[in-house]
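Examination of the molecular architecture
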Amino acid sequence: MPGGRLTQQERQQIALGLAEDLAYAEIARRLDRPTSTVTREVMRNGGPNGYRADLAHRATERRAQRRQALPRSPYSDRPADGRDPEAVAVYAETVTTVFMHSGMSRMPARVLAALMLTDEGRLTAVELAQRLQVSPASISKAVAFLDDQAMIRRERDERRRESYVLDEDIWYQATVASARANAAVVEAVREGVSVLGPGTPASDRLDSIARFLNFVSEGLFRLAEDAREMQHAKPEPDAEDAEAAEDAVVGGGRG
């Protein structure tokens, strides 16, 4: 299996495979590459609908030049943490791109990815600016957006320095926000049913839309609550672990 970076010819084959609507796994098989390599390549270079081989190749060359100029990966907390700095940087770009495809702007996506990839899950504005090599003003706008979305929270330490912390309930908050947005649409659509008059084709259409979105919203609320309860629940030991623990207590008592 070939290693190293993708060549320009391989990128052209990826573009052709996407044009043929092939799955990432099939494109990877034709290139004799891991599927993850193709997935990362596409996601960090425009996604399946915006991927262009020539632009992707030039972007990769620019990233390589920037990495060579840096003493270490901005996402590596310690020089000797045992992680591959280049692999972590590539993964950070992949996560950023996924957030952007979900509708988030680039800078909030980069900040969120940076917080996710720190062991502590917290960074100051100065640390974020240094890691992402952007201005403090860019960081300020990004964290303001994430704070408004309840995806991070602000905390001050004993020196009054403000840190931005990745909220453990980030996905719960995002799901609830989506459910509330759907609920608002439902309310607006139902108002249209009465305006257009019951029994008309247009009102029937709106009623169908409202019932569908209402079902989705209620389901999202329930799933979000169940998922958060599961997330914060302490895992119960399986039967073998419980038996081992009991034997240890009994054995200790006999001693």
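Check the entry above for the structure.
Now for a look at the structure at hand. (Residues numbered from 1 in each chain as written. Predicted model: local features only at pLDDT ≥ 70, side-chain atom pairs only at ≥ 80, totals over all residues. Heavy atoms only, no water.)

Overview of the side chain of His 57
By the secondary structure assignment, His 57 is in helix 5 (residues 53–69). For His 57, a relative accessible area of 16% corresponds to the buried category. The contacts of His 57, once residues within four sequence positions are left out, are Leu 6, Thr 7, Gln 8 and Arg 11. (Helix = DSSP H or I, 4+ residues; strand = E, 2+ residues; numbered from the N terminus. Buried < 20%, exposed > 50% of the residue type's maximum accessible area, 1.4 Å probe, protein only. Contact = heavy atoms within 4.5 Å.)

Some details on the pairing of strand 2 (residues 152–156)
In this sheet, strand 3 (residues 162–166) lies alongside strand 2 in antiparallel orientation, the contact comprising five bridges. Across the sheet, the residue bridging to Arg 153 is Val 165, located in strand 3. In textbook terms, the turn of a hairpin is the stretch between consecutive antiparallel strands, and for strand 2 and strand 3 this stretch comprises five residues, one of which, Arg 160, has a positive phi near 65°. (Pairing = 2+ DSSP bridges.)

Quick notes on the packing of helix 7 (residues 106–116) against helix 9 (residues 136–148)
At a minimum axis separation of 9 Å, helix 7 and helix 9 run at an interaxial angle of 80°. As far as their axial angle goes, helix 9 and helix 7 are roughly perpendicular. Packed against helix 7, whose contacting residues are Met 107, Pro 108, Val 111 and Leu 112, the element helix 9 presents Ser 138, Ile 139, Ala 142, Val 143, Phe 145 and Leu 146 at the interface. Across the contact of helix 7 with helix 9, the residue classes tally to nine nonpolar, one polar and no charged. (Axes fitted to C-alpha atoms, helices over the stretch in contact; angles between N-to-C directions. Parallel < 35°, antiparallel > 145°, perpendicular 65-115°, else oblique. Nonpolar A, V, L, I, M, F, W, Y, C, P; charged D, E, K, R; others polar.)

Observations regarding helix 11 (residues 201–232)
Spanning 32 residues, helix 11 covers 47 Å between terminal C-alpha atoms, matching the ideal 46 Å at 1.5 Å per step. All of the buried residues in helix 11 are Ser 203, Ala 210, Leu 213, Ser 217, Gly 219 and Ala 224. (Expected span 1.5 Å × (residues − 1).)

Concerning the sheet that holds strand 3
Read from one edge of the open sheet, three strands run 1-3-2, paired in antiparallel fashion. The open sheet has two edge strands, strand 1 (122–124) and strand 2, and neither has a second partner. Going across the sheet, the axis of each strand differs from the next one's by a mean of 30°, ignoring polarity. Each of strand 1, strand 2 and strand 3 is contacted by helix 7, which is oriented at about 80° to strand 3, the strand it contacts most. With respect to the sheet, helix 9 is in contact with strand 2 and strand 3, its orientation differing from that of strand 2 by roughly 115°.

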